[in-house]
Amino acid sequence: MDIKPKKTKNLTAAQKQKLNKAGGWLGKIFTVLFILAFIVLISFNWITDYIWMGSVGYQDSYMTILTSKLMLGVVGFILFAIFTYMTLSWIRNVYVGHFTAGQLPPFINNKKQSRLLTLVIAIIVGLLGSVLVQGVGWEPWLKFLNYESFGVKDPHFDRDVSFYMFVLPFIEFVLSIVLGLAIFFFLVEIGFYSVYNMYRMNRKAQMHMGITLAIIGILLAFQHVLEPFRSLLTNQVNVVQESVVHGLSYTDDVVNNPASYVMAGVALLGTIWVIAALFRGRWKSMIAPIILYIAVGVLAQGASMIVQNFVVSPNEFSKESPYLEENLSMTRTAYDLDNMTEDQHPGADSLDQSMVERNQDTINNVRINDARPILSVYNQLQTFRTYYEFNDIDIDRYNVDGEYEQVFLGARELNTEDLPSQAKTWVNQNLRYTHGYGISMSNVNEITPQGQPEYMVENLPPEGKPEVERPQVYFGEEDYDSVIVNSGVEEFDYPAGDENMSNTFEADSGVPLSGINRALFAINEGSFRMFVSDQVTGDSKILQTRNIMDRVERIAPFLTYDEDPYIFIREDGTMDWMIDAYVTEENYPYSEPYSEDNSYIRNSVKVTVDAYTGEVDFYAVNPEEPLLRTYQQIFPDLFTEKVPEDVKSHFRYPIDLFKIQAQMYQTYHMTNLEVFYNREDYWEIPTEKYFNEDITMEPYYVTMRLPEAEEEEFVLMTPFTPRNRQNMIAWMGVRNDGEHYGEKVVYEFPKQENVYGPQQIENRINQDSNISQQLNLWSQGGSEVIRGNLLVLPIEDTVLYAEPVYIESSNETSLPEVKQVIVAYQDQIVMEPTFDKALEVLLSRIDPEVEAPEEGGEDSQGEGQSSGLETNETLQEISDLFGQYQQQMSDGNYEEAGRIMEEIQSKLQSSQNSGGAGQQNPENQNNGGNDGSSEGENSSDSSGEE
């Protein structure tokens, strides 16, 4: 223990000097290495992102965002670091001049050490400021520099809407950053100068605090000057009250805005007072302007409450009328409700055979299947292997052999989480199982005798029309990990009997894993195997960000994306995903927000992602829209205005946007100001029954011919009911095809007549004795009745209703099957095995020229009665047999179950005059069995190195 000190004592002065010099060099080297490591760490993701963005063709957009962040980061760093250094240096100088050397810690007296410490603190604060400024400010800054005018001015200050959307937010951002920084430094100064009451005795300390206070006072005054502009963006009139007007109100105009200018003056005068008192040493008088400032603020709030309570509230409509008018007008403009075509719909009792024949395409495309149960059917009958999965079922339309067809379709995606455990090797999950395969497509209006969808495209490889030429799905909705293609391992394509077919990725997309890329992306993926595996060659590529939502958000994070992308087949047989992108913004004056502070939305961009290559295209479909034009100024190479026809033909008006517009239209359809104020004609979205619950109806796509239109088209629609009433008051639709895309229509029903609303139809179905008996029968014995979407179908000047009825047994392999279709019209309700049969029975009741169908039509007795069972005794017998049937199915005794089902069918046929009692077909009860047979994968499926 004593050896080391002795050796140190024996060192000569030259040796000590060399040792100190070496230590200094080591310290400098360590500092440089630390800084380099920090730079590499923060720039590593920038490098890999730059390479990836280059692989998808959007490097310029990435560099625009990155350079703006870097520039703002530098500005933020300089601002925070310099002011921190100046503040701390000033405080040190005050301390050194105020105290003796013996009263201060040594590091403060040592100029070199104190400067180094101040510099370190300034750098740390500067880095925090850099992160804050660039993280929040890059988008407001770019919009501020590139904004386009809206051509719409607010009625009060006569400023263009762009001022509120782009200029005001950036000014407020800068103001809040600088004001927050000034207040922070002032608190630091108070802390340091409170020692021994230095702020009372030291002139430099007083000057320091005075300058900071002056900055704070000027910034506060500036904030108050901006507050009147803010009054156009909110309905808050004081801390506890809201106005009936969203935007400028009477109280804002008369009290709050003038008070803001008074507060600005008080802030400036108070700042001068405080600084003067500080320099004179009258620290007690410094409190007076602060108290005055608070008092004026409290008085302003009090005056606002008094005016709101005693002037506005007793005469609210007369006082707020001018402001309500602007609220109504600007909100309609913000949500594009001004372009709504409004008309009357008679809801007449005019349905007959000739009307049906005139609207045959509408009738042929009535959606009998429901997307919710059909997802389960697709996943049981069309996956074929446990690792395939249909994530979603979409609805679209195609021209097939000259016929306009509305269809359901879904992509068969790959989910490696469902691979057998022995097959979850690194090679299988990263090199072999790289993609899903194909789609399934079915008619919305056709079902098999077993109640299953009638497929247009099915199986592996895809069979049917429209033809799929490139069925591989490398990019989709699943939570995909990265994969490596063109490796030394054959990629699994699809199963074919006892063998598996292979595929080689042939697109130019992906990041080549040659040169330094391999090391960079191995680190990026956290995969040492990628770096050392001999299966990864110079020709290999990595496909990153394969989830399509993550992909588009990574490229263009400033857009808002619809939650329901959908796949479609292009004319050349390739498959693309379509994603609706919205430009959204806060601060549209007088506009009521639809969510949080968002008060403006447009679907100005459609995005497609190639399911095979991952190529992403951003189509500017509303190039005249000002917010999109602003983004085009910022990112000139991001958007494409020319849209291919085979992409345009699959545009769907997005449900999310339609729901927002319908939500706003519930109130803002009232153009009479007094009616609008009283909310006398407020509309609601009706409810429907799904399973056994009443849920709010979702908008739905239908194929129909609008009044005065020449042919059927794809329409997104929703019905409305009055507040607290169930009758239908109107329906709102938007067109989706051709040059009429995006045209919105509203048809109002007569207020003096009752037109059945969806929930009224649901209630009448429940009250129909024969229908309710059959539904109760089917819900026994472990089965469940699923009531599908109730569709409101406007046909010319009348309205028809249709609802599918599914039955699903409790067996895990059972499938929901369409067993009956309910059709309602006026006071008539019919339930039959098919829509055509139900419509035929319905027409026989309401049209004297239509003969009753041979089976089931004659004995559908009574108004609103469907064909039913004759006696409760027969019902009980069938119910008991059905329970036995379900038990045999659960036990796997399919032969006995089939015999019981034949007995049920026999009893139904003998007891029902209608042949459509909805028997379940035993042959279909285990249709999901083929999925179970694939549990044991081929040994080749799970091969590969560990």
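In what follows, the structure referred to is the one given above.
Residues numbered from 1 in each chain as written. Predicted model: local features only at pLDDT ≥ 70, side-chain atom pairs only at ≥ 80, totals over all residues. Heavy atoms only, no water.

1. Some points on the overall build of the protein chain
Regarding its fold elements, the protein chain presents 28 helices and 32 strands. Counting all 946 residues of the protein chain, 54% fall into the buried class. At a minimum sequence separation of 6, the contacts of the protein chain that also span at least 24 residues come to 67%. Total accessible area on the protein chain is roughly 42400 Å²; 52% of this is exposed by carbon and sulfur atoms. (Helix = DSSP H or I, 4+ residues; strand = E, 2+ residues; numbered from the N terminus. Buried < 20%, exposed > 50% of the residue type's maximum accessible area, 1.4 Å probe, protein only. Contact = heavy atoms within 4.5 Å. Areas by Shrake-Rupley, 256 points an atom, 1.4 Å probe, with all protein chains shown as cover.)

2. Focus on the packing of aromatic side chains
All chains considered together, the criterion is met by 37 aromatic pairs. With centroids separated by 4.7 Å and ring planes inclined at 35°, the aromatic side chains of Y437 and Y494 adopt a geometry described as tilted. You can see Y437 sitting in strand β5 (residues 436–437) and its partner Y494 sitting in strand β11 (residues 491–496), a full 57 residues away along the chain. Taking relative accessible area as the criterion, Y437 reaches 5% and is therefore assigned buried. (Phe/Tyr/Trp six-rings, centres within 6.5 Å; stacked < 30°, edge-to-face > 60°.)

3. What about the pairing of strand β29 (residues 791–795)?
Counting buried positions along β29 yields 5 of 5 residues, so the element is predominantly enclosed. With burial as the criterion, each face of β29 is covered, one bearing L791, L793 and I795 and the other bearing V792 and P794. Across 5 bridges, the pairing between β29 and strand β30 (residues 798–808) is antiparallel. If you follow L793 over to β30, its bridge partner there is L800. The antiparallel hairpin formed by β29 and β30 contains 2 residues in its connecting segment, where E796 sits at a positive phi of about 50°. (Pairing = 2+ DSSP bridges.)

4. Here we look at the side chain of T718
Summarising the element assignment, T718 is placed in strand β25 (residues 713–722). By relative accessible area, which is 1% here, T718 ends up buried. Discounting residues that sit within four places of it in the chain, T718 has contacts with F658, A662, I685, P699, W731 and M732.

5. Things to note about the nonpolar core
Within the largest apolar cluster, 176 residues are counted, with the highest numbers of intra-cluster contacts made by I439, F558, L559, Y561, F618 and F639. No other element matches helix α6 (residues 161–193), which puts 17 residues into this core. What F618 contacts, discounting residues up to four positions off in sequence, is Y58, V552, I555, A556, L559, Y561, V605, K606, V607, L638, F639 and T640. Within the second largest apolar cluster, 57 residues are counted, among which are M697, Y747, Y756 and I761. (Core = buried A, V, L, I, M, F, W, Y, C linked by side-chain atoms within 4.5 Å.)

6. Points about the side chain of E712
Checked against the element boundaries, E712 lands in the loop between β24 (700–704) and β25. One polar contact links E712 to T362, side chain to side chain, over a distance of 3.1 Å. Beyond its immediate chain neighbours, meaning those up to four positions away, E712 contacts R358, N359, D361, T362, T703, M704 and R705. (Polar contact = N/O pair within 3.5 Å; in protein donor to acceptor, adjacent residues only side chain to side chain.)

7. Here we look at unusual backbone geometry
As a rule of thumb, non-glycine residues mostly have phi less than zero, and peptide bonds are mostly trans rather than cis. Here the amide bond leading from L460 into P461 is cis, since omega sits at -10°, within 30 degrees of zero. Note on placement: P461 falls in the loop between β7 (453–458) and β8 (463–464). Looking along the chain, the bond that leaves K465 and enters P466 is cis, with omega of 0°. The residue P466 is located in the loop between β8 and β9 (472–473) in this model. The backbone phi angle of E596 is positive, close to 50°, even though this residue is not glycine. With respect to the secondary-structure elements, E596 resides in the loop between β17 (575–586) and β18 (598–610). A positive phi angle is found at E796, which is not glycine, with a value near 50°. Note on placement: E796 falls in the loop between β29 and β30. Residue classification places E796 among the partly exposed residues on the basis of a relative accessible area of 21%.

8. Considerations on helix α18 (residues 548–555)
Along α18, the residues that are buried comprise I548, M549, R551, V552 and I555. All buried residues of α18 project into a common sector of 160° when viewed along the axis, lining one side. Capping the start of α18, N547 holds a side-chain oxygen 3.0 Å from the backbone nitrogen of M549, two or three residues further along. (Arc of directions from axis to C-beta.)

9. Focus: the sheet that holds strand β13 (residues 511–512)
What the 3 strands build is an open sheet, ordered β10-β14-β13; its pairing is antiparallel. Edge strands, defined here as strands with exactly one partner in the open sheet, are β10 (483–485) and β13. Relative to strand β14 (residues 541–543), β13 runs antiparallel, the two sharing 2 bridges. By the bridge assignment for β14, P512 is matched with K541.

10. A look at the packing of helix α3 (residues 59–98) against helix α5 (residues 111–146)
Two elements in contact, α3 and α5, have axes whose closest approach is 5 Å; the angle formed by their N-to-C orientations is 145°. Crossing hand, α3 versus α5: right-handed. Split by residue class, the contact of α3 with α5 holds 19 nonpolar, 13 polar and 4 charged. (Axes fitted to C-alpha atoms, helices over the stretch in contact; angles between N-to-C directions. Left-handed = near helix turned anticlockwise from the far one by under 90°. Nonpolar A, V, L, I, M, F, W, Y, C, P; charged D, E, K, R; others polar.)

11. A closer look at the pattern of salt bridges
In total, this model carries 31 salt bridges according to the counting rule given. Put simply, E585 and K143 hold a salt bridge, and the shortest N to O gap is 2.7 Å. Here E585 is found in strand β17, whereas its partner K143 is found in helix α5, with 442 residues between them in sequence. Overall, the relative accessible area of 12% leaves E585 in the buried class. R570 is the partner of D576 in a salt bridge, and the nearest nitrogen-oxygen pair spans 3.2 Å. (Salt bridge = Lys/Arg side-chain N within 4 Å of Asp/Glu carboxyl O.)

12. Section: the packing of α5 against α6
It is the contact of α5 with α6, at a shortest axis distance of 8 Å, that shows an interaxial angle of 150°. By the angle class used here, α5 and α6 are roughly antiparallel. Between α5 and α6 lies a crossing whose hand is left-handed. Residues L132, V133, V136, G137, P140, W141, K143 and F144 of α5 pack against F166, V167, F170, F173 and I177 of α6. (Parallel < 35°, antiparallel > 145°, perpendicular 65-115°, else oblique.)

13. Concerning the pairing of strand β16 (residues 566–569)
By the alternation rule, side chains of β16 split into Y566 and F568 and I567 and I569, which are all buried. Pairing analysis gives 4 bridges linking β16 to β17, with the strands arranged antiparallel. Residue pairing across strands places Y566 opposite M578, the latter belonging to β17. Remark: 5 residues form the turn of the hairpin made by β16 and β17, two consecutive strands paired antiparallel; G573 in that turn has positive phi of roughly 85°.

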